[in-house]
Amino acid sequence: MQAQRNNIVFLDIDGVLNSVKYDRERTATQGNIDESRMPLLQALFAACPAQIVLSSSWRKHWGPTPYECDGIGEELNRLFAKYGLKIFDKTPVLSTHGRAQEIGAWLDAHAAEVDRFVILDDEFGGWGELSEHLVRTNPRIGRGLEERHVQEAISLLRVPET
């Protein structure tokens with residue numbers, strides 16, 4: 001029996017679901033995530049079913065069960081659920097390595113389960129062979145995740161028509 005294969009979105013939070021502009025404008029009652037970015041993320045998953053793997057430093061707050069989440073992890077789950085989204089997993093924390101190596105380690109451990117993947121992140125360098133899967137946001141110009149990033153991610157996740 002063949003393992004089920006999935007599309008994966010490796011998701012960074014800071015710089016993707018928030019921005020410098022949001023940080024300047026938000027009120028004391030608004031959270032660290034710019035909720036105006038969530039419908040864009042929702043649109044990506046509506047167009048291309050996929051699973052979310054947290055690659056953000058926020059992953060230290062999240063776990064696959066409620067008992068493994070702290071308050072920030074619980075808030076992530078509530079916010080994502082509000083938009084019909086759910087976090088599936090997170091990348092490992094490799095203390096002496098960068099995000100690309102952590103994503104690579106996750107992919108190595110789940111190779112039989114992954115069909116296509118995309119990385120939503122604002123980091124510039126160090127992606128190496130993963131760079132062709134990177135959709136890079138810019139939180140200093142714009143608001144992080146924008147429509148053009150969603151379209152780019154969709155094009156990377158869709159199976160080419162023959």
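Let me begin by describing the structure that accompanies this report. From a predicted model like this one, the values you see are computed outputs, not experimental measurements.

Rules behind the numbers
Residues numbered from 1 in each chain as written. Predicted model: local features only at pLDDT ≥ 70, side-chain atom pairs only at ≥ 80, totals over all residues. Heavy atoms only, no water. Salt bridge = Lys/Arg side-chain N within 4 Å of Asp/Glu carboxyl O. Buried < 20%, exposed > 50% of the residue type's maximum accessible area, 1.4 Å probe, protein only. Helix = DSSP H or I, 4+ residues; strand = E, 2+ residues; numbered from the N terminus. Arc of directions from axis to C-beta. Contact = heavy atoms within 4.5 Å. Polar contact = N/O pair within 3.5 Å; in protein donor to acceptor, adjacent residues only side chain to side chain. Phe/Tyr/Trp six-rings, centres within 6.5 Å; stacked < 30°, edge-to-face > 60°. Lys NZ or Arg CZ within 6 Å of the ring centre and 35° of its normal. Core = buried A, V, L, I, M, F, W, Y, C linked by side-chain atoms within 4.5 Å.

1. Section: the pattern of salt bridges
And step 1. One pass over the full model with this rule turns up 11 salt bridges.
And step 2. When the shortest N-O distance is used, the salt bridge between Asp34 and Arg37 registers 3.8 Å. For the residue pair Asp34 and Arg37, the accessibility class agrees, reading buried in each case.
And step 3. The closest approach of N and O atoms between Glu35 and Lys82, which form a salt bridge, is 2.5 Å. Residue Glu35 is found in the loop between α1 (20–25) and α2 (38–47), and its partner Lys82 is found in helix α3 (residues 71–82); the two are separated by 47 residues along the sequence.
And step 4. Residue classification places Glu35 among the partly exposed residues on the basis of a relative accessible area of 31%.
And step 5. Assessed through its relative accessible area of 57%, Lys82 is described here as exposed.
And step 6. Here the salt bridges share partners, and the residues they tie into one network are Asp12, Arg99, Asp121 and Glu123.

2. Describing helix α5 (residues 147–157)
And step 1. Among all positions of α5, only His149, Val150, Ala153, Ile154 and Leu157 are buried. Buried residues of α5, seen end-on, are gathered within an arc of 140° and therefore sit on one face of the element. Of the residues in α5, the exposed ones pointing more than 90 degrees away from the buried face are Arg148 and Ser155.
And step 2. For α5, the secondary structure elements touched by its buried residues are β1 (6–11), α2, β4 (114–121) and β5 (134–136).

3. Some points on the environment of Asp70
And step 1. Relative to the helices and strands, Asp70 resides in the loop between β2 (51–54) and α3.
And step 2. C-alpha separation for the pair Asp70 and Gly84, spaced 14 residues apart in sequence, amounts to 21 Å.
And step 3. Here His61 takes part through its side chain, which lies 2.5 Å from a polar atom of the side chain of Asp70.

4. Here we look at the packing of aromatic side chains
In this description, a pair of aromatic rings is defined by centroid distance and the angle of the planes.
And step 1. Scanning the entire structure with this criterion turns up 2 aromatic pairs.
And step 2. Judged by centre distance (5.5 Å) and plane angle (85°), the ring pair of Phe10 and Trp106 falls under edge-to-face. In this pair, Phe10 is assigned in strand β1 and Trp106 in helix α4 (residues 99–109), connecting sequence segments 96 residues apart.
And step 3. Through a chain of ring-to-ring contacts, three or more aromatic side chains come together here, namely Phe10, Trp106 and Phe117.
And step 4. In this arrangement the basic side chain of Arg136 is found over the ring face of Phe124, its NZ or CZ atom lying 3.5 Å from the centre.

5. Structural notes on the nonpolar core
And step 1. Core analysis: the biggest nonpolar cluster contains 31 residues, and Leu17, Leu41, Leu44, Phe80 and Leu120 have the highest contact counts within it.
And step 2. Setting aside anything within four residues of it in sequence, one finds Leu44 in contact with Val9, Leu120, Val150, Ala153, Ile154 and Leu157.

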